[in-house]
Amino acid sequence: MTSSETRAEQLSIGEVAERTGLSVHALRLYEREGLLIAPVRRNTGGRRRYTTADLEWLLICVRLRESGMPLAELKRFAELVRDGPGNEADRLQLLNAHQKRVEARIRELEECHSVIAWKVGVYSEHLDRGAAGGLWDPQG
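Starting afresh in each chain, residues are numbered from 1 along the sequence in its written order. A pLDDT threshold of at least 70 governs which residues receive local features in this predicted model, and a stricter bar of 80 or more applies before side-chain atom pairs are shown or counted, although totals over entire chains, interfaces and linings include all residues. Hydrogens and water molecules were not included; the side-chain quantities draw on all heavy atoms of the structure.

Participant: I'm lost on the packing of helix 2 (residues 13–20) against helix 3 (residues 24–32) in this one. Help?
Facilitator: Between N-to-C directions, angles cover 0 to 180 degrees, with each direction set by a line fitted to C-alpha atoms, over the stretch in contact for helices. Only DSSP runs of H or I covering at least 4 residues are called helices, and only runs of E covering at least 2 are called strands; the numbering of each starts at the N terminus. It is at 9 Å that the axes of helix 2 and helix 3 come closest, and there the two elements cross at 100°. Our classification of the angle between helix 2 and helix 3 gives roughly perpendicular. Residues Ile13, Val16 and Ala17 of helix 2 form the contact with helix 3, whose own contacting residues are Val24, Leu27 and Arg28. Charged means Asp, Glu, Lys or Arg here, nonpolar means Ala, Val, Leu, Ile, Met, Phe, Trp, Tyr, Cys or Pro, and polar covers whatever is left, Gly included. Grouping the constituent residues of the contact of helix 2 with helix 3 by class yields five nonpolar, no polar and one charged. Here the angle decides the label: under 35 degrees means roughly parallel, over 145 means roughly antiparallel, 65 to 115 means roughly perpendicular, and every other value means oblique. Any two residues whose heavy atoms approach within 4.5 Å at even a single point are treated as in contact.

Participant: Hey, could you run me through the packing of aromatic side chains in this one?
Facilitator: Each aromatic ring pair is specified by the distance between its two centres and by the angle formed by the two planes. Each aromatic pair joins two rings of Phe, Tyr and Trp (for Trp, the six-membered one) with centres within 6.5 Å, and gets the label stacked for planes under 30 degrees apart, edge-to-face for over 60, and tilted for any other angle. By the definition in use, this model includes one aromatic pair. Relative to Phe77, the ring of Trp57 has its centre 5.6 Å away and its plane inclined at 25°; by these criteria the two rings are stacked. One end of the pair, Trp57, is in helix 4 (residues 52–66); the other, Phe77, is in helix 5 (residues 71–83), and 20 residues separate them in sequence. Here the two residues Trp57 and Phe77 agree in accessibility, since each one is buried. In this scheme, a residue with accessible area under 20% of its type's maximum is buried, one over 50% is exposed, and one in between is partly exposed, where area comes from a 1.4 Å probe on protein chains only.

Participant: Help me understand a nonpolar patch on the surface in this model?
Facilitator: A surface patch of nonpolar side chains, about 380 Å² in accessible area, is lined by Tyr123, Leu127 and Trp136. Mapping Leu127 onto the fold places it in helix 6 (residues 88–129). In this analysis, a patch consists of residues with relative accessible area above 30% that form no salt bridge, clustered at 9 Å for like charges and at 5 Å for the nonpolar side chains Val, Leu, Ile, Met, Phe, Trp and Tyr. Per-residue accessibility takes into account occlusion by the displayed protein chains alone, with areas from the Shrake-Rupley method and a 1.4 Å probe. By convention in these notes, a salt bridge is any Lys or Arg side-chain nitrogen within 4 Å of a carboxyl oxygen on Asp or Glu.

Participant: Help me out: how do you make sense of the nonpolar core in this one?
Facilitator: When a protein is soluble and globular, its nonpolar side chains tend to lie buried together. We call a set of buried Ala, Val, Leu, Ile, Met, Phe, Trp, Tyr and Cys residues a nonpolar core when their side-chain atoms join them within 4.5 Å. Val16, Leu22, Leu27, Tyr30, Tyr50, Leu58 and Leu74 are the most contacted members of the largest nonpolar core, which totals 23 residues. Mapped by element, the contributors of at least two residues to this core are helix 2, helix 3, helix 4 and helix 5. Looking at this core, the element that brings in the most residues is helix 4, giving six residues. Those residues in contact with Leu74 that lie beyond four places of it in its chain are Tyr30, Leu35, Cys61, Leu64, Arg65 and Met69.

Participant: Help me understand the side chain of Arg48, please; the structure alone is not making it clear to me.
Facilitator: Mapped onto the elements of the fold, Arg48 is located in strand 2 (residues 48–49). Polar contacts, as used here, are pairs of N or O atoms within 3.5 Å; protein pairs need one atom able to donate a hydrogen and one able to accept it. Residues neighboring in sequence count only if both atoms are side-chain atoms. There is a polar contact of 2.5 Å between the side chain of Arg48 and the side chain of Glu31.

Participant: Quick question: what am I supposed to make of the packing of helix 4 against helix 5 here?
Facilitator: Interaxial distance between helix 4 and helix 5 falls to 10 Å at its minimum, and their mutual angle equals 150°. For the element pair helix 4 / helix 5, the angle class is roughly antiparallel. The crossing of helix 4 and helix 5 is right-handed. Within the contact between the two elements, helix 4 uses Trp57, Cys61, Leu64 and Arg65 and helix 5 uses Leu71, Leu74, Phe77, Ala78 and Val81. Here is the rule for handedness: rotate from the far helix to the near one, and if that takes an anticlockwise turn smaller than a right angle the crossing is left-handed, while a clockwise turn gives right-handed.

Participant: Can you walk me through helix 5 in this structure?
Facilitator: Think of an α-helix as 3.6 residues a turn; residues three or four steps apart then line up on the same face. In a regular helix each residue adds 1.5 Å, so 13 residues correspond to 18 Å; helix 5 covers 18 Å between its end C-alpha atoms and thus fits that length. Residues of helix 5 that are buried make contact with helix 3, helix 4 and helix 6. Among the residues trailing helix 5, Gly84 stands out with phi positive, at a value near 85°. Multiply 1.5 Å by the residue count of a helix minus one, and that product is the helix's expected span.

Participant: Help me understand the pattern of salt bridges in this model?
Facilitator: A side chain of one charge can pair with a side chain of the opposite charge if their charged atoms are brought near each other. If you walk through the whole model with that rule in mind, you get seven salt bridges. Note that Glu66 is salt-bridged to Arg63, the shortest N-O span being 2.6 Å. Taken together, the positions of Glu66 and Arg63, both in helix 4 and three residues apart, correspond to about one turn of that helix. Under the relative-accessibility criterion, Glu66 is labelled exposed at 56%. Residue class for Arg63 comes out exposed when judged on its relative accessible area of 58%. Two residues, Glu79 and Arg76, come together in a salt bridge whose shortest N-O distance is 3.5 Å. On the criterion of helical spacing, the pair formed by Glu79 and Arg76 is a turn pair, its members being three residues apart in helix 5. Judged by relative accessible area, Arg76 falls into the partly exposed class, the value being 38%. Linked by salt bridges that have partners in common, Glu31, Arg42 and Arg48 make up one network.

Listed below in structure tokens is the structure:
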């Protein structure tokens, strides 16, 4: 990789915030908490410069957090990745456990969705018939 390619990959904290949906404050927190897999580089002025690899990692972190992975587990995952080859089974175990939690949550949400869809149907049917009076009316 040439130095011009490396320079082209460098992104400011604002650019990374925009691309990841994380705030600048959250990016600094991720750095302080050890959630990144490599130290964030800084330019001669001391400003953070992120690489595309940093961005790709952060996008994974965003999805893991959005899916409910606790910060402690994300931190552990980052530690394992930083430690390098040899702990892939530990990483897989962590990801498998998280995947099972996400799948359980999806099943719960599907059950909720089913109840909501049923209630929408009940209300729609009553409104279409013009007979909506008394639906969940505590006075009725």
